[in-house]
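# Chains, contacts and geometry: an overview
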Amino acid sequence: MQSSYHITDNICTITLSSDDISSDVFGAQVLQIIKKEKISGVVVNMDAFEVITSPIIKSIEKLVGILKLNNIKTIICGFSVESACVIFHFIDEVKFDTALDVQSALDVIKNY
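Residues numbered from 1 in each chain as written. Predicted model: local features only at pLDDT ≥ 70, side-chain atom pairs only at ≥ 80, totals over all residues. Heavy atoms only, no water.

## Details of the nonpolar core
Val 42, Met 46, Ile 60, Leu 67 and Ile 76 are the most contacted members of the largest nonpolar core, which totals 24 residues. Mapped onto this core, the elements with two or more residues apiece are β2 (11-15), α2 (26-37), β3 (41-45) and α3 (54-69). Ranked by residue count, the leading element in this core is α3, at six residues. With residues near it in sequence (within four places) discarded, Met 46 still touches Leu 16, Ile 52, Ile 56, Ile 60, Ile 76, Cys 77, Gly 78 and Phe 79. Ile 11, Cys 77, Ala 99 and Ala 105 belong to the second-largest nonpolar core, a separate cluster that totals eight residues. (Core = buried A, V, L, I, M, F, W, Y, C linked by side-chain atoms within 4.5 Å. Buried < 20%, exposed > 50% of the residue type's maximum accessible area, 1.4 Å probe, protein only. Helix = DSSP H or I, 4+ residues; strand = E, 2+ residues; numbered from the N terminus. Contact = heavy atoms within 4.5 Å.)

Encoded structure:
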């Protein structure tokens, strides 16, 4: 796994790497960390991505789906303004919760 992560108060913050977003095993790797560390929530930081494309959105939705099946609260954050505009303009139904930045996502996830 190329993405970096840290854990605070049973919440895992992952700074997603472009190498991992297309990996078939990334979801399973995240799930292993979650089970090992008894994580209750995940914040996925996307600030390493200059542009968000449809395949990236589909990969994010798959990851969120895997986590949701395991009862893990998940928030995606760190989109550029341009990417946020594209996502909310061209995607009919966004299937994940979003926040502006990591701190906002942590605040939301702590109050779920």
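## What about the packing of α2 against α3?
Packed helix pairs are characterised by how far apart their axes lie and by the angle those axes make with each other. Packing of α2 against α3 brings their axes to within 10 Å, and their N-to-C directions diverge by 35°. The two elements α2 and α3 cross, and the hand of that crossing is right-handed. Contacts from Phe 26, Gly 27, Val 30, Leu 31 and Ile 34 of α2 reach α3 at Leu 63, Ile 66 and Leu 67. Across the contact of α2 with α3, the residue classes tally to seven nonpolar, one polar and no charged. (Axes fitted to C-alpha atoms, helices over the stretch in contact; angles between N-to-C directions. Left-handed = near helix turned anticlockwise from the far one by under 90°. Nonpolar A, V, L, I, M, F, W, Y, C, P; charged D, E, K, R; others polar.)

## Structural notes on the environment of Val 25
Positionally, Val 25 belongs in the loop between α1 (18-21) and α2. Among the residues examined, Val 25 registers a relative accessible area of 46% and is labelled partly exposed. As for Val 25 and Ile 56, which are separated by 31 residues in sequence, their C-alpha atoms are 15 Å apart.

## A word on the layout of surface pockets
Taken as a whole, the largest pocket spans an internal volume of roughly 230 Å³. If you go around the largest pocket, you meet 14 residues; those closest to its centre are Ile 21, Ser 23, Gly 27, Ser 59 and Lys 62. Elements that contribute at least two residues to the lining of the largest pocket include exactly α1, α2 and α3. In terms of residue count, α3 provides more of the lining of the largest pocket than any other element does, five residues in total. (1 Å grid on protein atoms, 1.4 Å probe; cavity = no way out; pocket = protein on both sides within 12 Å on 5 of 7 lines; lining within 4 Å. Points joined across faces, edges and corners; volume = space filled by probe spheres on them.)

## Observations concerning the sheet that holds β3
Spatially, the five strands line up as an open sheet ordered β1-β2-β3-β4-β5, and their pairing is mixed. The sheet terminates laterally at β1 (4-8) and β5 (97-99), the two strands that pair on one side only. Averaged over all adjacent pairs, the angle separating strand axes in this sheet is 25°, with direction ignored. Sheet topology places β2 next to β3; five bridges connect them, and they run parallel. Within β3, the residue paired with Cys 12 across the bridge is Val 42. (Pairing = 2+ DSSP bridges.)

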